[in-house]
Amino acid sequence: MYYNENTIIYQNGQFVKASEAKTDLYSQSLHYGYAVFEGIRSYKTASGETKIFKEVVHYERLKKSALALNMPYPFDTGELVAATYKVLEQNNLQDAYIRPLVYAPANMSFNKNTESFIVIEAWEMGLFLGDKLLRVMTSSFQRPNPKGFKIEAKATGHYVNSILASQEAKANGFDEALLTDMNGFAAEGPGANMFYEKDSKLFTPSLGNILPGITRATVLEICAEHQIEVEEKLFTTDEIKQQADTAFYCGTAAEIVGWQSLDDVEFKKPWNETVSALVQKAYKAKVLDTAYIVNRR
Ligand code: PMP
């Protein structure tokens, strides 16, 4: 459940009840998918304190997304971070998913707006994609063409593509979809970036046709910290099926979740014996603010 009678959200400088908050039915956001958002997580860290993971990086991406879509952005990152902690506190949340959304006022034309609105919602969230390995299907849907969309922006309209791909995968009995880019290379999931592992080295699609994920960047950081070799390059889904010892999705909601198979082609290595599983543990340690030393055999 996302909210109940008592849930408090932040809306345009005020803390209000979610059940009483109003928005405009004449907005470009509702009619055209013209809004930007973030997906952030907070954790009950090892010390017991609630911490939002990479909150400034997320709010800076929100700003970049809004500016990429020519939306006014009169909001201050520091104030939004403070408001977010207050939303968590008011709703008694520690392990939570936080959803800021910047949306447009009433305007049915395609013209620029002179103002933007913001809402910050939060709800309790544990594991998003579960803790079992995923059966992934190559989607019949490609990611939006970067020549048609600002794909580096987290815009609501782009997620029609994600919904279609995810629903298709589930209708076909899979857990999740893998979308290709407009040239047919492996791109990303509906809401997560991907890596595959071969001979203890990781590979991930280069930037350009994917959302530059904050978790993807964190995985690259973990690789640098633990001397794990990683390469950003373009590759096909056939390469994954032929080469990969294992693969995983990474995203704020998904965290790091391993794959069992792609198009029913099973991966060779047991997850627990992979470098990817070490990265998963190191990621968990980072978000929980505890030390973790990768112990490579
Ligand atoms: N790709 C897409 C399409 C996404 O929606 C997300 C989730 N924001 C990601 C990748 C992962 O991004 P992040 O690690 O910043 O959550």
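Our subject in this report is the structure included herewith. (Residues numbered from 1 in each chain as written. Predicted model: local features only at pLDDT ≥ 70, side-chain atom pairs only at ≥ 80, totals over all residues. Heavy atoms only, no water.)

### Here's the deal with the site of the ligand
As a structural note, the neighbourhood of the ligand is formed by 16 residues, with K154, Y159, E188, T215 and T252 the closest of them. Between an oxygen atom of the ligand and a side-chain N or O atom of T215, the distance comes to 2.6 Å. At 2.6 Å, a side-chain N or O of T252 approaches an oxygen atom of the ligand. Protein coverage of the free-state accessible area of the ligand, which is 380 Å², stands at 96%. (Near = heavy atom within 4 Å. Polar contact = N/O pair within 3.5 Å; in protein donor to acceptor, adjacent residues only side chain to side chain. Areas by Shrake-Rupley, 256 points an atom, 1.4 Å probe, with all protein chains shown as cover.)

### Topic: a nonpolar patch on the surface
There is a patch of nonpolar side chains on the surface, built from L25, Y26, L30, Y32, M108 and F110 and spanning about 740 Å² of accessible area. Here Y32 shows up in helix 1 (residues 28–32). For Y32, a relative accessible area of 40% gives the class partly exposed. (Patch = residues over 30% accessible without salt bridge, like charges linked within 9 Å, V, L, I, M, F, W, Y side chains within 5 Å. Salt bridge = Lys/Arg side-chain N within 4 Å of Asp/Glu carboxyl O. Helix = DSSP H or I, 4+ residues; strand = E, 2+ residues; numbered from the N terminus. Buried < 20%, exposed > 50% of the residue type's maximum accessible area, 1.4 Å probe, protein only.)

### Looking at the packing of helix 2 (residues 55–68) against helix 3 (residues 77–90)
For the pair helix 2 and helix 3, the least separation of the axes is 10 Å and the interaxial angle reads 120 degrees. Accordingly, the angle class assigned to the pair helix 2 and helix 3 is oblique. Where helix 2 crosses over helix 3, the handedness of that crossing is right-handed. Counting all contacts with helix 2, which are made through E55, V56, Y59 and E60, the residues of helix 3 involved are T77, L80, V81, T84 and Y85. Tallied by class, residues from the contact of helix 2 with helix 3 come to 5 nonpolar, 2 polar and 2 charged. (Axes fitted to C-alpha atoms, helices over the stretch in contact; angles between N-to-C directions. Parallel < 35°, antiparallel > 145°, perpendicular 65-115°, else oblique. Left-handed = near helix turned anticlockwise from the far one by under 90°. Contact = heavy atoms within 4.5 Å. Nonpolar A, V, L, I, M, F, W, Y, C, P; charged D, E, K, R; others polar.)

### Overview of empty space enclosed by the protein
Applying the stated criterion across every chain, the model contains 1 cavity of 30 Å³ or more. There is about 40 Å³ of room inside the largest cavity. In terms of lining, the largest cavity is formed by R143, I151, A153, H158, Y159 and L211. Broken down by class, the residue content of the lining of the largest cavity amounts to 4 nonpolar, 1 polar and 1 charged. (1 Å grid on protein atoms, 1.4 Å probe; cavity = no way out; pocket = protein on both sides within 12 Å on 5 of 7 lines; lining within 4 Å. Points joined across faces, edges and corners; volume = space filled by probe spheres on them.)

### Overview of the pairing of strand 15 (residues 255–262)
The two faces of the sheet receive side chains in turn, since in a regular strand these alternate between them. By the criterion of burial, strand 15 is predominantly enclosed, with 7 of the 8 residues buried. Sheet analysis places strand 8 (residues 134–142) next to strand 15, joined by 3 bridges and oriented parallel. Across the sheet, the residue bridging to L134 is W259, located in strand 15. Where strand 14 (residues 246–251) lies against strand 15, 4 bridges are found, and the strand directions are antiparallel. For F248, the partnering residue across the bridge sits in strand 15 and is G258. Remark: 3 residues form the turn of the hairpin made by strand 14 and strand 15, two consecutive strands paired antiparallel. Taken together, the 2 bridges between strand 15 and strand 16 (residues 265–266) define a ladder with antiparallel strand orientation. Residue pairing across strands places L262 opposite V265, the latter belonging to strand 16. Here strand 15 folds back onto strand 16, and the loop between the two strands holds 2 residues, one of which, D263, carries a positive phi near 50 degrees. (Pairing = 2+ DSSP bridges.)

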